[in-house]
Amino acid sequence: MSLPALSAVPVHSRLPAWMGKAPLVLVPVFVLLAATLAALGAYTLTWERQVARLERAAIPRLERFAIQLFAPPRRYTYLPHLLANDRTLRNALAQPHKPGLVHDANLHLARMRASTGATELYVLDPAGTAIAASNWRDPISFVGVNYAYRPYYSRAVAEGGAHFYAMGTTSHRPGFFLSQQVKAADGALLGVAVVKADLTMPEVRDYGGEVLVTDAGGVAFLSSREDWQYRPLAALSARAGASVARTRQYDGVLRAPLDVHTGRTLDSGATIVDIGGHGSYLMVRRPVPETDWHVNLLLPLDEVKGTALRAALLAAAAIALAALSLLYLWQFRLRQAERERSRAALEEAHAALARQHETLTALSEELRVQSSTDSLTSLFNRRYFMDSLERLLGTAQRHGEPLALMLVDADHFKRVNDEHGHPAGDEVLRRLGAMLLEETRDGDVAARYGGEEFIVALPRTDAPAALAVAGRMLARMRAMRVPVDGGTLAVTVSIGLAAARPGEAVAEIIRRADAALYEAKRGGRDRAVFDAATAP
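Everything in this summary refers to the structure shown in the same document.

### Observations concerning the sheet that holds strand β2 (residues 130-133)
Whenever strands of a sheet pair, they do so through backbone hydrogen bonds, lying parallel or antiparallel.
Turning to step 1, where the next piece is worked out: The strand order β2-β1-β5-β4-β3 describes an open sheet built from five strands, whose pairing is antiparallel. Lying at the two open borders of the sheet, with one neighbouring strand each, are β2 and β3 (161-167). Averaged over all pairs of adjacent strands, the angle between their axes in this sheet comes to 25°, without regard to strand direction.
Turning to step 2, where the next piece is worked out: Bridge count between β3 and strand β4 (residues 174-183): seven bridges; the pairing is antiparallel. Considered in β4, the bridge of F164 is made with F177.
Turning to step 3, where the next piece is worked out: Relative to β2, helix α5 (residues 99-116) is tilted by about 50°, and along the sheet it contacts β1 (120-124) and β2.

As C-alpha cells, this is what we get:
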C-alpha cells in the first residue's frame, strides 16, 4: 500500500475583513469562556481519575476485610455437626424428662465451651426450647427459653443447618449463631444444636474510610463508627421490617436510618453518596461469600474535590494565558498577510501527515490482525490463544467462575492428505475452523493449535455445558461432507475436555485436556472425553 505524498495547496492570503476589525472587547469574553470550559473539563477529568483510583484501592481492602471478618466464626463451622452427633446431647434430647441426662448434657456443654472457646453452646428441643446450655449455671441462662422465632432454629429444622447474626435476646450481646439439626436413628427430629460465636469488627484504621457490614435488609450491623452501627442505609421495607421484628434480630438496638442520599452510580456499580452531617463519600460494596451480607467501604471525597479544584484552577490559568497569547498573536498575524501562504501550506502539510498517520494506523491494525490470526482457518493462532487463556483463567479464578478447555483433533487427518492431497486437507481444516466459530459464543476463544489440532477456551462454562458444546460439534462434523475428486469425504473429530481448578496453571489444564483427547482417540475416535479428575 503506497503512502500519499505531501503537497502544498496555495490559499488566499487574506482573512475575512471582519476578523481584522474585531473589537478588542471580545478578547476578555473569549478568554473567560475558554478558561471556564478548561476548568470544567479539568475538574471533571481529575474527579473521574481520582474516584477511579479510590475504587481500585478499595477492592483489595474489601477482600481482605471479608477474610478477616469471617476468620473467628469460621473456626466453629465444625462444632454444630459435632454437637448434633454427640451421644450425651442426643440422649438428653431423646429423654428430656430425665434430670440426670439433662444435667450431664449441661456439664458436657460447659466443658466443650471451655475447650473450644465458643461464646455459648446449647441444644433446643423440637419446639425450640433450650433444654441444656453451657451457661446453665449463669444468672441469665438460656435453659428454658424458647428460640423458635430465630431463623437459625427454623432453617435448621427445614434445611438441616443454618447461620444467623443477631443481638442476643437473652444475653443482650450480639453474636454469630451456627445451628445443626439433630435426628434420632430412625430419622425423627430430636432438636437443634446451636453454637454462638463472637463476630467483631476487624481493624480498619488503614482503610482510608468507614466500613459497614450490612445484611439483606440494608442494616449496618457492624460499623467502624459506633454511631452508625445498627442503622439501616435506607428505611427498611415492610417485608424487611417485619422480618427484623419477627426474629428480634436487632432486639433493642435498631436505630433510625442513616440520612443517605445517593448521587451518581458509576459503571462499576460504586455510587457517590452524601450522608447528612458527614459529607460526601464514594461507596464501594462487595458481597460477602456464603452470606446475604455486603461489605461497604465509604471513602471520603473531600481530598478528591480539593485535587479536582486545584486542577481546574491550574487549567483555567494555563488556558487563559495561552488564549491571551494566541489572540494577540492572531492580531499580529492579521497584519502579516504575506505569511499566510506559508501558514496555509503548513496546515496542508499537517493534514497530509494526518492522512499518512491514518494510513499507517490502518496498516498497523492489519498487521496486528495478521499476527494473531491463522491464515488458513481465520481462527486465532496459538500465540494469541495462550495469551488469552492466561487472562481468562486469571479472571475465572479471581471471580470463582468455571472455565472449560477443549482440544479438537481431526481423526485420520494424515490419511486425508495422503489419499486426497493437501488441498483437500486444507479444505477440511477450513470447514472445521468455520464450524468452531459457529458453535462458540462471543467471549469464547477458538484457535488453531497446530496442524490438525484446534483448541477452544469456554469461560463461564461448567463441565455439563462444555460437554453439550462438544456434542454439538461432534454432530456437526458427522454431518459434514467435504468435496474431493470423485465424490465427498466424511471427517470426524475427537475432543478432549478439562475444567479449570482453583489455582491451576495454564500448562496444567492444557495437559489434562490433552490427556482426555488421547483417551478419546484411544477409545475409538469420534467422541468427547472429559478429564477424569473433573468429569461431571
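Having seen the model, we can carry on.
### Things to note about the side chain of N417
Turning to step 1, where the next piece is worked out: On the secondary structure map, N417 appears in helix α11 (residues 413-420).
Turning to step 2, where the next piece is worked out: Look past the residues within four positions of N417 in its chain and what remains in contact with it is H422 and G425.

### Here we look at the packing of α11 against helix α12 (residues 422-439)
Turning to step 1, where the next piece is worked out: Where α11 meets α12, the closest approach of the two axes is 7 Å, and the angle between their N-to-C directions is 140°. As the angle between them shows, α11 and α12 are arranged oblique. On the side of α11, the interface is formed by F413, V416, N417 and H420, while α12 contributes H422, A424, G425, V428 and L429.
Turning to step 2, where the next piece is worked out: Per-class residue counts for the contact of α11 with α12 are five nonpolar, four polar and no charged.

### A word on a nonpolar patch on the surface
Turning to step 1, where the next piece is worked out: A grouping of L33, L37 and L40 is seen on the molecular surface, where their side chains present a nonpolar patch of about 320 Å² in accessible area.
Turning to step 2, where the next piece is worked out: When you line up the elements, L40 lands in helix α2 (residues 26-74).

### Regarding the pairing of strand β7 (residues 219-223)
Turning to step 1, where the next piece is worked out: Most of β7 is tucked away, with five of its five residues classed as buried.
Turning to step 2, where the next piece is worked out: Connecting strand β6 (residues 210-214) to the next strand, β7, in antiparallel fashion are four residues, including G218 with a positive phi near 90°.
Turning to step 3, where the next piece is worked out: In this sheet, strand β8 (residues 231-232) lies alongside β7 in antiparallel orientation, the contact comprising two bridges. Looking at the pairing, V219 lines up with P232 of β8.

### Description of the sheet that holds strand β14 (residues 445-450)
Turning to step 1, where the next piece is worked out: Strand order in the open sheet formed by five strands is β14-β15-β13-β18-β19, with mixed pairing between adjacent strands. With one partner strand each, in any of the chains shown, β14 and β19 (528-530) form the two edges of the open sheet. The mean angle between the axes of side-by-side strands here comes to 20°, regardless of whether they run parallel or antiparallel.
Turning to step 2, where the next piece is worked out: Two strands pair when backbone bridges link them, and strand β18 (residues 493-499) and β19 are joined in this way by three bridges, in the parallel orientation.

### Thoughts on the packing of aromatic side chains
Turning to step 1, where the next piece is worked out: Enumeration over the complete set of coordinates arrives at 14 aromatic pairs.
Turning to step 2, where the next piece is worked out: Pairing F65 with Y207 gives two aromatic rings, centres 6.3 Å apart and planes at 75°, and the pair type is edge-to-face. In this pair, F65 is assigned in helix α2 and Y207 in the loop between β5 (189-197) and β6, connecting sequence segments 142 residues apart. Y207 carries the same exposure label as F65, and that label is buried.
Turning to step 3, where the next piece is worked out: Ring centres 4.9 Å apart and planes at 75° place the aromatic pair Y122 and F142 in the edge-to-face group. Here the residue Y122 occupies a position in strand β1, and F142 occupies one in the loop between β2 and α6 (151-159), the gap between them amounting to 20 residues.

### Quick look at the environment of L82
Turning to step 1, where the next piece is worked out: As for its placement among the helices and strands, L82 is situated in helix α3 (residues 79-84).
Turning to step 2, where the next piece is worked out: Between the alpha carbons of L82 and L407 there is a distance of 46 Å; along the sequence they are 325 residues apart.

### Some details on empty space enclosed by the protein
Turning to step 1, where the next piece is worked out: Evaluation of the coordinates by the stated rule reveals one cavity of 30 Å³ or more.
Turning to step 2, where the next piece is worked out: Space inside the largest cavity adds up to approximately 60 Å³.
Turning to step 3, where the next piece is worked out: Contributing to the lining of the largest cavity are Y122, F142, Y147, R150, Y152, G168, T169, T170, S171, F177 and K196.
Turning to step 4, where the next piece is worked out: Its residues assigned to classes, the lining of the largest cavity comprises five nonpolar, four polar and two charged.

### Some points on unusual backbone geometry
Turning to step 1, where the next piece is worked out: Despite not being glycine, S378 shows a phi value in the positive range, around 65°.
Turning to step 2, where the next piece is worked out: Within the secondary structure, S378 sits in the loop between α9 (340-372) and α10 (382-399).
Turning to step 3, where the next piece is worked out: Residue class for S378 comes out exposed when judged on its relative accessible area of 53%.

### Here we look at the pattern of salt bridges
Turning to step 1, where the next piece is worked out: Taken as a whole and assessed by the stated rule, the structure comprises 22 salt bridges.
Turning to step 2, where the next piece is worked out: The partner of R225 in a salt bridge is D227, and the shortest N-O contact between them spans 3.0 Å.
Turning to step 3, where the next piece is worked out: Classification of R225 as partly exposed rests on a relative accessible area of 21%.
Turning to step 4, where the next piece is worked out: Using a relative accessible area of 33% as the deciding quantity, one classes D227 as partly exposed.
Turning to step 5, where the next piece is worked out: Between R472 and E439 there is a salt bridge, and its shortest N-O distance comes to 3.2 Å. Residue R472 is found in helix α13 (residues 463-479), and its partner E439 is found in helix α12; the two are separated by 33 residues along the sequence.
Turning to step 6, where the next piece is worked out: Residue R472 is classed as partly exposed on the basis of its relative accessible area, which comes to 41%.
Turning to step 7, where the next piece is worked out: One network of salt bridges, with partners in common, ties together E438, E439, R472 and R476.

### Describing the nonpolar core
Turning to step 1, where the next piece is worked out: Core analysis: the biggest nonpolar cluster contains 36 residues, and F65, Y165, L199, F221, L282, W293 and L301 have the highest contact counts within it.
Turning to step 2, where the next piece is worked out: Contributing elements (two or more residues each) for this core: α2, β3, β4, β6, β7, β11 (279-287), β12 (294-300) and α8 (302-334).
Turning to step 3, where the next piece is worked out: Looking at this core, the element that brings in the most residues is α2, giving eight residues.
Turning to step 4, where the next piece is worked out: Filtering out sequence-adjacent residues up to four positions away, W293 remains in contact with L69, F70, Y165, F176, L199, V213, T214, D215, F221, R286, P287 and V288.
Turning to step 5, where the next piece is worked out: Residues A410, V482, V484 and L497 belong to the second largest nonpolar core, which totals 35 residues.

### A short note on helix α4 (residues 87-94)
Turning to step 1, where the next piece is worked out: All of the buried residues along α4 are L89, A92 and L93. Looking straight down α4, one finds its buried side chains confined to an arc of 95°; they lie on one side.
Turning to step 2, where the next piece is worked out: Where α4 is buried, its residues meet α3, α5, β1, β2, β4 and β5.
Turning to step 3, where the next piece is worked out: Capping of α4 at its N-terminal end is provided by D86; its side-chain oxygen lies 2.9 Å from the backbone amide nitrogen of T88.

Parameters and conventions
All residue numbers refer to positions counted from 1 along the written sequence of the respective chain. In keeping with the model being predicted, local features are shown solely for residues with a pLDDT of at least 70 and side-chain atom pairs are shown and tallied solely at 80 or more, while totals for entire chains, interfaces and linings include all residues. Excluded from the side-chain calculation are hydrogens and water; included are all heavy atoms of the structure. Two strands are said to pair when DSSP picks up at least two bridges between them. Only runs of H or I of at least four residues qualify as helices and only runs of E of at least two qualify as strands under DSSP, and these elements are numbered from the N terminus. Interaxial angles span 0 to 180 degrees and are taken between N-to-C directions of axes, which are lines fitted to C-alpha atoms, for helices over the stretch in contact. In what follows, residue pairs with any heavy atoms lying within 4.5 Å of each other are defined as contacts. Working definition: roughly parallel below 35 degrees, roughly antiparallel above 145 degrees, roughly perpendicular at 65 to 115 degrees, and oblique for all remaining angles. For this classification, the nonpolar set comprises Ala, Val, Leu, Ile, Met, Phe, Trp, Tyr, Cys and Pro, the charged set comprises Asp, Glu, Lys and Arg, and every other residue, Gly included, is treated as polar. Patches were defined on residues exceeding 30% relative accessible area and lacking a salt bridge, with like-charge contacts within 9 Å and nonpolar side-chain contacts (Val, Leu, Ile, Met, Phe, Trp, Tyr) within 5 Å. Where accessible areas are quoted, they stem from the Shrake-Rupley method and a 1.4 Å probe; at the residue level, only the protein chains shown are allowed to cover. Take a side-chain nitrogen of Lys or Arg and a carboxyl oxygen of Asp or Glu: if they are within 4 Å of each other, that pair is a salt bridge. Buried means the residue's accessible area, taken with a 1.4 Å probe over protein chains only, is under 20% of the maximum for its type, while exposed means over 50%, and partly exposed covers the values in between. Only rings of Phe, Tyr and Trp enter the pairing, Trp through its six-membered ring, and a pair is recorded when the two centres are within 6.5 Å. The plane angle decides the type: under 30 degrees is stacked, over 60 is edge-to-face, the rest tilted. Using a grid of 1 Å spacing that covers the protein atoms alone, one calls a set of points a cavity when a 1.4 Å probe fits there but cannot get out, and a pocket when the set is open and has protein on both sides within 12 Å along at least five of seven lines; lining residues are those with an atom within 4 Å of a point. Grid points are joined across faces, edges and corners, and a volume is the space filled by probe spheres set on the points. Throughout, nonpolar core names a set of buried Ala, Val, Leu, Ile, Met, Phe, Trp, Tyr and Cys residues whose side chains join them through atoms within 4.5 Å. The directions from the helix axis to the C-beta atoms form the arc being described. Nitrogen and oxygen atoms within 3.5 Å of one another constitute a polar contact, given that in protein one can donate a hydrogen and the other can accept it, and given that sequence-neighbouring residues count only through two side-chain atoms.

Any functional reading would require information beyond the geometric quantities listed.
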